[in-house]
Amino acid sequence: MPDFNKLFDEWAKSYDKTVYGTDNEYVEVFQNYEDILKYISDEVADKNGIIVEIGVGTGNLTKLLYEKNLNVVGIEPSKEMRKIAKEKLPNIDILDGHFLSIPIDKKVDAIVTSYAFHHLTYDEKKKALEYLDKKLNNNGKIVIADTMFESIEYKKNLLKYVELNECFNLLNDLKTEYYELLDDLCVLFKELNYSYSLKKMNKYVWVISAVKGGY
Ligand SMILES: C[S@@+](CC[C@H](N)C(=O)[O-])C[C@H]1O[C@@H](n2cnc3c(N)ncnc32)[C@H](O)[C@@H]1O
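Per chain, residue numbering runs from 1 following the sequence as it is written. Local features in a predicted model are, by the rule used here, given only for residues with pLDDT of at least 70; side-chain atom pairs are given and counted only at 80 or more, and totals for whole chains, interfaces and linings are based on all residues. Computation of side-chain values: all heavy atoms of the structure, hydrogens and water removed.

Undergrad: Could you clarify how one ought to interpret the packing of helix 7 (residues 152–164) against helix 8 (residues 168–176) in this entry?
TA: How two helices pack is summed up by the angle between their axes together with the distance between the axes. Inter-axis angles, ranging from 0 to 180 degrees, are taken between N-to-C directions of lines fitted to C-alpha atoms, where helices are fitted over the stretch in contact. Starting at the N terminus, helices and strands are each numbered in turn, a helix being any DSSP run of H or I of at least four residues and a strand any DSSP run of E of at least two. Contact geometry of helix 7 with helix 8 gives a least axis separation of 8 Å together with a crossing angle of 155 degrees. Judged on the interaxial angle alone, helix 8 and helix 7 are roughly antiparallel. Of the two possible hands of crossing, helix 7 and helix 8 adopt the one that is left-handed. Listed contacts from helix 8 to Lys155, Leu159, Val162 and Glu163 of helix 7 are Phe168, Leu170, Leu171 and Leu174. Just so you know the grouping, Ala, Val, Leu, Ile, Met, Phe, Trp, Tyr, Cys and Pro go in nonpolar, Asp, Glu, Lys and Arg go in charged, and all remaining residues, Gly too, go in polar. Of the residues that constitute the contact of helix 7 with helix 8, the class distribution is six nonpolar, no polar and two charged. Angular relationships are summarised with four words: roughly parallel below 35 degrees, roughly antiparallel beyond 145, roughly perpendicular across 65 to 115, and oblique for the angles in between. Working rule for handedness: look at the near helix, and if it is turned counterclockwise from the far one by less than a right angle, call the crossing left-handed; if clockwise, right-handed. The contact criterion used is simple: two residues touch if any of their non-hydrogen atoms lie within 4.5 Å.

Undergrad: Looking at this model, I keep getting lost on the side chain of glutamate 43. Mind explaining?
TA: Among the structural elements, glutamate 43 can be located in helix 3 (residues 33–43). According to the relative accessible area criterion, glutamate 43 is buried, its value standing at 18%. Setting aside residues no more than four positions away along its own chain, glutamate 43 makes contact with Lys141, Val143 and Ser209. Categorising residues by exposure relies on relative accessible area from a 1.4 Å probe, with only protein chains included: less than 20% of the type maximum marks a residue as buried, more than 50% marks it as exposed, and the intermediate range marks it as partly exposed.

Undergrad: How do you make sense of helix 5 (residues 79–88) when you look at a structure like this?
TA: An α-helical segment advances 3.6 residues per turn. Residues three or four places apart therefore align on the same side. Of the residues making up helix 5, those classed as buried are Met81, Arg82, Ile84 and Ala85. Burial along helix 5 is one-sided: seen end-on, the buried residues are contained in an arc of 165 degrees. Opposite the packed face of helix 5, turned more than 90 degrees from it, sit the exposed residues Lys79 and Glu87. In this fold, the buried residues of helix 5 make contact with helix 1 (5–11), helix 2 (15–22) and strand 3 (94–95). What the arc covers is the set of directions going from the helix axis to the C-beta atoms.

Undergrad: What is the right way to read empty space enclosed by the protein from this model?
TA: By rolling a water-sized probe across the atoms, one finds the places where empty space is left. Points on a 1 Å grid, built from protein atoms alone, make a cavity when a 1.4 Å probe fits but cannot get out and make a pocket when they are open with protein on both sides within 12 Å along at least 5 of 7 lines; residues with an atom within 4 Å of a point are the lining residues. Grid points are joined across faces, edges and corners, and a volume is the space filled by probe spheres set on the points. Using the criterion set out here, one finds one cavity of 30 Å³ or more in the structure. Forming the walls of the largest cavity are Phe117, His118, Lys125, Asp146, Thr147, Met148, Tyr178, Tyr179, Glu180 and Leu185. A class-by-class count of the residues in the lining of the largest cavity yields five nonpolar, two polar and three charged.

Undergrad: I would appreciate a short explanation of the environment of leucine 182 in the present structure.
TA: Following the sequence through the fold, leucine 182 ends up in helix 9 (residues 182–191). Taking the relative accessible area as the measure of exposure, leucine 182 reaches 4% and is therefore buried. Between the C-alpha atom of leucine 182 and that of methionine 148, which follows or precedes it by 34 residues, the distance is 5.8 Å. Ignoring sequence-local partners within four residues, the contact set of leucine 182 consists of Met148, Phe149, Glu150, Leu198, Trp206 and Ile208.

Undergrad: Help me understand unusual backbone geometry in this model?
TA: Residues other than glycine predominantly adopt negative phi, and peptide bonds predominantly adopt the trans conformation. We note that asparagine 32 has phi near 65 degrees; this positive angle belongs to a residue other than glycine. Here asparagine 32 shows up in the loop between helix 2 and helix 3. Despite not being glycine, glutamate 166 has its phi angle at roughly 55 degrees, a positive value. Take glutamate 166: it is sitting in the loop between helix 7 and helix 8.

Given below as structure tokens:
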């Protein structure tokens with residue numbers, strides 16, 4: 001698995017400035033950030049059991065889940081990100097782990113993640129979903145928010161737009177990280193017998209909400 005820890009350890013202190021819109025290159029990626037986190041939290045608001053959040057970063061979604069009195073446990077591989085999340089949320093367990101290593105023995109009711117799934121290659125995503133499926137109770141939900149593309153054409157046009165706007169860091173991310181076509185991710189859920197719904201949140205980000213055993 002590619003190791004993003006160094007990058008995120010370095011980004012941890014300024015991460016909240018990026019997501020709340022002070023980094024011009026990424027403004028549109030994080031457009032409606034709070035609405036995206038709220039949408040995810042609403043999707044799992046009926047769950048009484050454990051909700052695992054993977055790749056919590058500085059804990060912004062974790063905080064929202066906690067404020068809804070949900071039983072959330074955070075997973076985060078970057079030490080510096082964990083430190084900031086723990087400062088914000090001293091009452092929540094934020095554990096060292098990642099998409100393929102969740103140090104929780106019990107089955108859980110939901111698994112949520114925002115802006116993190118693209119760190120896995122497609123094969124790793126497939127393995128991760130199979131692994132997470134084993135941790136999830138029947139009728140449990142997986143909710144993933146991330147940049148995804150509705151078609152190859154859409155991706156091509158978006159890359160052109162990003163280049164024209166001279167957002168070269170973003171362009172590099174879009175070319176080198178593992179952003180998927182929506183259809184390719186949906187196939188993985190179908191194979192695992194999940195039903196799913198899709199919602200577009202901005203030019204980049206979609207949310208997939210998938211229910212176990214619903215297909
Ligand atoms: C862009 S941040 C998103 C943080 C937060 N979820 C949010 O929405 O603001 C991506 C996070 O994913 C974490 N991450 C990177 N690779 C990961 C992996 N393989 N498994 C879980 N988390 C990972 C990073 O350490 C980082 O905290």
